[in-house]
Amino acid sequence: MDGILGILGTAAAMFVGTNIDDLIVLTVLFLSSRAGGPPKAWQIWAGQYTGIAVLVVVSVIAALGLTLVPDDYVGLLGLLPIALGVRGLIAAARAHGPADDASPAVATGLISVAGITIANGADNISVYTPVFRTIGTAPALLTIGVFAVGVALWCLAGSWLGSHKKIIEIVERHGQWLVPAVFITIGALIIAESGLLGAIDASSDAAIPTSAPPLSRS
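Residues numbered from 1 in each chain as written. Predicted model: local features only at pLDDT ≥ 70, side-chain atom pairs only at ≥ 80, totals over all residues. Heavy atoms only, no water.

1. A word on the overall build of the protein chain
Working step 1: Along its length, the protein chain carries 9 helices and 0 strands.
Working step 2: Walking the protein chain from its N terminus toward its C terminus, one meets helices and strands in the order α-α-α-α-α-α-α-α-α.
Working step 3: Looking at the protein chain as a whole, 38% of its 218 residues are labelled buried. (Helix = DSSP H or I, 4+ residues; strand = E, 2+ residues; numbered from the N terminus. Buried < 20%, exposed > 50% of the residue type's maximum accessible area, 1.4 Å probe, protein only.)

2. Section: the nonpolar core
Working step 1: Counting residues in each nonpolar core, the largest one holds 25 residues, and the members touching the most others are Met14, Leu26, Tyr128, Phe132 and Phe147.
Working step 2: When contributions to this core are tallied by element, the ones reaching two or more residues are α1 (3-18), α2 (20-34), α3 (41-64), α5 (110-120), α6 (122-134) and α7 (137-161).
Working step 3: The element best represented in this core is α7, accounting for 6 residues.
Working step 4: Filtering out sequence-adjacent residues up to four positions away, Tyr128 remains in contact with Met14, Thr18, Asn19, Ser59 and Phe147. (Core = buried A, V, L, I, M, F, W, Y, C linked by side-chain atoms within 4.5 Å. Contact = heavy atoms within 4.5 Å.)

3. Quick notes on a nonpolar patch on the surface
Working step 1: Nonpolar side chains collect at one region of the surface, where Ile4, Leu5 and Leu8 lie side by side and expose about 320 Å² of accessible area between them.
Working step 2: The exposed category is assigned to Leu5, whose relative accessible area is 72%. (Patch = residues over 30% accessible without salt bridge, like charges linked within 9 Å, V, L, I, M, F, W, Y side chains within 5 Å. Areas by Shrake-Rupley, 256 points an atom, 1.4 Å probe, with all protein chains shown as cover. Salt bridge = Lys/Arg side-chain N within 4 Å of Asp/Glu carboxyl O.)

Printed below as a string of structure tokens:
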């Protein structure tokens, strides 16, 4: 990722792509809150931050556990989000309605909101881990900062969308295509920036002899 703008853009795309389903969940939760039911607004905010924080911590720990893998071949991890994206596109093509993830569970407090966020973020770890492994400490901290801002924007958007049911339908309709596309893009960036392609080319060149060995004379 070249430059701060590149880091910010990639982090924002990664957050949006991996949290479309959370936006739908937040919208429904804020609808419930405005109707006087649980959870309260502060519990939604705190639960969302707690859930995303857990996903990020797990991803960072998993990334640190990959330090024994040579840097050039860490790019192979990019195949995972690509596979998730392809699977999502296939599922979206076969589906005849909104994605199954659009049906959120019911939450009654901070802990349950956090639990829903973590449950919906099972795939987030698969995407975040290789990214945190391939970038340095400063870019990782900047990425986490973008996530923190993203959670605030997501909560604000969910609160606003709570009064616009037509917008909810649009997000549900197109979210199943947007998420896989972002996953595939992130996976491609991981592979491209890891040096994997260069390592493969070098290995191929080394395996091909430059000239035939001289014939022995009897």
